[in-house]
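Results of the structural survey
The lines below spell out each chain.
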Amino acid sequence: MAQLIDGKAIAAAIREEIKEEVTKIEAAVGKVPGLATVLVGNRTDSTTYVRMKRKACEEVGIESFHTELPESVSEEELLSCVERLNSDPAVHGILVQLPLPKHINEEKILSAISIEKDVDGFHPVNIGRLAMKSRTPRFVPCTPRGCIELLDRSNVAIEGKCAVVLGRSNIVGLPVSLLLLHRNATVTICHSKTKDLPAVCRQGDILIAAVGRANMVKRDWIKPGAVVIDVGINSVPDSSKKSGYRLVGDVDFDDCKDVCSMITPVPGGTGPMTIAMLLRNCCDGAKEAFGLA
Ligand code: NAP
């Protein structure tokens, strides 16, 4: 049986570290970091995510500022909300919860967030810097940063390893591939047009799965001894649960757990790390703003 990479425990340790840092920041400058969340519409999943993020802020002493806007909000109104938060000195991070309604141009909104406050790391300048050699992005997207942190805190060497990333989305697959490249892994990125996925995935000393397909990765996709990070969060029907469903990853955990050397569970793997990294980014942004970085 592979060693479990316990994202819940690692995230809890990071949150404790941030809590201590926030106390030190307050002692030094008499102010605490602030995170602004913007929720458009009332999607259940988005509402839950934003509530979890605000609660996590509260627990570590980061002040949270919340704006709720109706589904019908115009692009101009949303832009002026972002501009107001950009110029608010108490706000060090701005998080506009995605997805946005179809009538709003997501790229335009994300590009309007000041790069000094882009704690989600989705501003094109931050992604552009991440894509270039010897450039430092102001912020790195939270889920990809969480994947690297899980590897580092589990003492998994990245340099020189063959890393395979399944998925090329802007929020997970692409940025995590770039981060692995920065850490001197040899990176292969797979997507829906990749031929013979099992054979390509089997090359990976490190396999990161971010496709959004329940239990897609089977044991014969995994190089024996590989380290597997499962980013997928998929709900599948389960009549034994009160809710009628349960969450599973992109990797068939039971099928793969004795082929790899380490694996993240779902839930309890990468999920808790995303929020921990958001707090990390917000705290880093505040330290920069207060001249403490
Ligand atoms: P996404 O935007 O839908 O991207 C999925 C990627 O997987 C795309 O690049 C797509 O290829 C590829 N893909 C889809 N089906 C495939 C197949 N059958 N074979 C090969 N490649 C395939 O998804 P995402 O936003 O990156 O999210 C991926 C998963 O991570 C989801 O389960 C999501 O819920 C989860 N997630 C978790 C966290 C967390 O905190 N742990 C955060 C964000 C997302 P193409 O580019 O060719 O279409």
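Residues numbered from 1 in each chain as written. Predicted model: local features only at pLDDT ≥ 70, side-chain atom pairs only at ≥ 80, totals over all residues. Heavy atoms only, no water.

What counts, and what does not: UniProt positions are given in the numbering used here, feature names are shortened, and annotations may be inferred rather than shown by experiment.
The name an unreviewed UniProt entry gives the protein is Methenyltetrahydrofolate cyclohydrolase, with Galdieria yellowstonensis as the organism. Note on the protein: under the UniProt heading Catalytic activity (unreviewed entry), the record states "(6R)-5,10-methenyltetrahydrofolate + H2O = (6R)-10-formyltetrahydrofolate + H(+)". The record in UniProt for the protein states the following under Sequence similarities (unreviewed entry): "Belongs to the tetrahydrofolate dehydrogenase/cyclohydrolase family."

Observations concerning the pairing of strand 2 (residues 34-40)
Spelled out, the test is: Think of it in three bands: residues with accessible area under 20% of the maximum for their type are buried, residues over 50% are exposed, and the middle band is partly exposed, with areas taken using a 1.4 Å probe on protein chains only. For helices the rule is a DSSP run of H or I covering at least 4 residues; for strands it is a run of E covering at least 2, with both sets numbered from the N terminus onward. At least two DSSP bridges between two strands are needed for those strands to be called paired. The definition of a right-handed crossover adopted here requires that, viewed with the strands pointing away, the path from the first strand over the helix to the second runs clockwise.
Counting buried positions over the 7 residues of strand 2 gives 7, a clear majority of the element. Of the two faces of strand 2, the one carrying G34, A36, V38 and V40 and the one carrying L35, T37 and L39 are both buried. The pairing of strand 2 with strand 3 (residues 63-69) spans 7 bridges and is parallel. When the sheet's bridge partners are listed, T37 is paired in strand 3 with H66. The parallel pair strand 2 and strand 3, bridged by helix 2 (residues 44-60), forms a crossover whose chirality is right-handed. Pairing of strand 2 with strand 4 (residues 93-96), which is carried by 4 bridges, proceeds in the parallel orientation.

Describing the sheet that holds strand 3
Heads up, the rule is: Simply put, an axis is a line fit to the C-alpha atoms, just over the touching stretch for a helix, and the angle between two N-to-C directions goes from 0 to 180 degrees. Residue contacts are defined here by distance: any two heavy atoms, one from each residue, within 4.5 Å place the two residues in contact.
Pairing within the open sheet is parallel, and its 3 strands lie in the order 3-2-4. The strands lining the two open edges of the sheet, one partner per strand, are strand 3 and strand 4. Ignoring strand direction, the axes of neighbouring strands in this sheet form an average angle of 15 degrees. Where helix 3 (residues 75-86) meets the sheet, it contacts strand 2, strand 3 and strand 4, and its direction lies at approximately 175 degrees from that of strand 2.

Comments concerning the site of the ligand
Our working definition: Being near a molecule or strand, for a residue, comes down to having at least one heavy atom within 4 Å of it. N or O atoms within 3.5 Å of each other form a polar contact, as long as, within protein, one can give a hydrogen and the other can take it, and as long as residues adjacent in sequence are counted only when both atoms are side-chain atoms. Reported accessibility uses the Shrake-Rupley method at a 1.4 Å probe radius. Residues are deemed covered only where the shown protein chains occlude them.
For the ligand, the set of nearby residues contains 21 residues, the closest of which are R168, S169, S192, T270 and T274. S192 has a polar side-chain atom sitting 2.5 Å from an oxygen atom of the ligand. Between the ligand and the protein, one listed contact pairs an oxygen atom with a side-chain N or O atom of T274 at 2.6 Å. Protein chains bury 70% of the 930 Å² of accessible surface belonging to the ligand in isolation. With 3 residues, helix 10 (residues 270-289) is the single largest residue contributor to the shell around the ligand.

Focus: the UniProt feature "domain: Tetrahydrofolate dehydrogenase/cyclohydrolase NAD(P)-binding" (unreviewed entry) in the protein
UniProt marks residues 141-288 with the feature "domain: Tetrahydrofolate dehydrogenase/cyclohydrolase NAD(P)-binding" (unreviewed entry), using the numbering shown here. Taken end to end, residues 141-288 is 34% helix and 19% strand, and its first and last C-alpha atoms sit 18 Å apart.

Here's the deal with the environment of C260
If you trace the backbone, C260 turns up in the loop between helix 9 (253-256) and strand 11 (262-263). For C260, a relative accessible area of 6% translates into the label buried. Once the C-alpha coordinates of C260 and I222 are considered, the two residues, 38 residues apart in sequence, prove to be 6.9 Å apart. Discounting residues that sit within four places of it in the chain, C260 has contacts with A2, I222, G225, A226 and V228.

Overview of the pattern of salt bridges
Applied cut-off: A side-chain nitrogen of Lys or Arg and a carboxyl oxygen of Asp or Glu constitute a salt bridge if their distance falls within 4 Å.
A full pass over the atoms with the stated rule returns 17 salt bridges. Salt-bridge contacts for R145 lead to D284; the nearest nitrogen and oxygen are separated by 3.6 Å. Of the two residues, R145 is situated in helix 6 (residues 142-153) and D284 in helix 10; the sequence distance between them amounts to 139 residues. Across the pair R219 and D258 runs a salt bridge, and its minimum N-O distance is 3.0 Å. Taken as a pair, R219 in the loop between strand 7 (206-209) and strand 8 (227-230) and D258 in the loop between helix 9 and strand 11 lie far apart in primary sequence, 39 residues in all. On the basis of relative accessibility, which here comes to 39%, the residue R219 falls in the partly exposed class. Connected via shared salt-bridge partners are E21, R145, R280, D284 and K287.

What about the UniProt feature "domain: Tetrahydrofolate dehydrogenase/cyclohydrolase catalytic" (unreviewed entry) in the protein?
UniProt tags residues 5-120 as "domain: Tetrahydrofolate dehydrogenase/cyclohydrolase catalytic" (unreviewed entry). Here residues 5-120 is 51% helix and 16% strand, with 24 Å between the C-alpha atoms at its ends.

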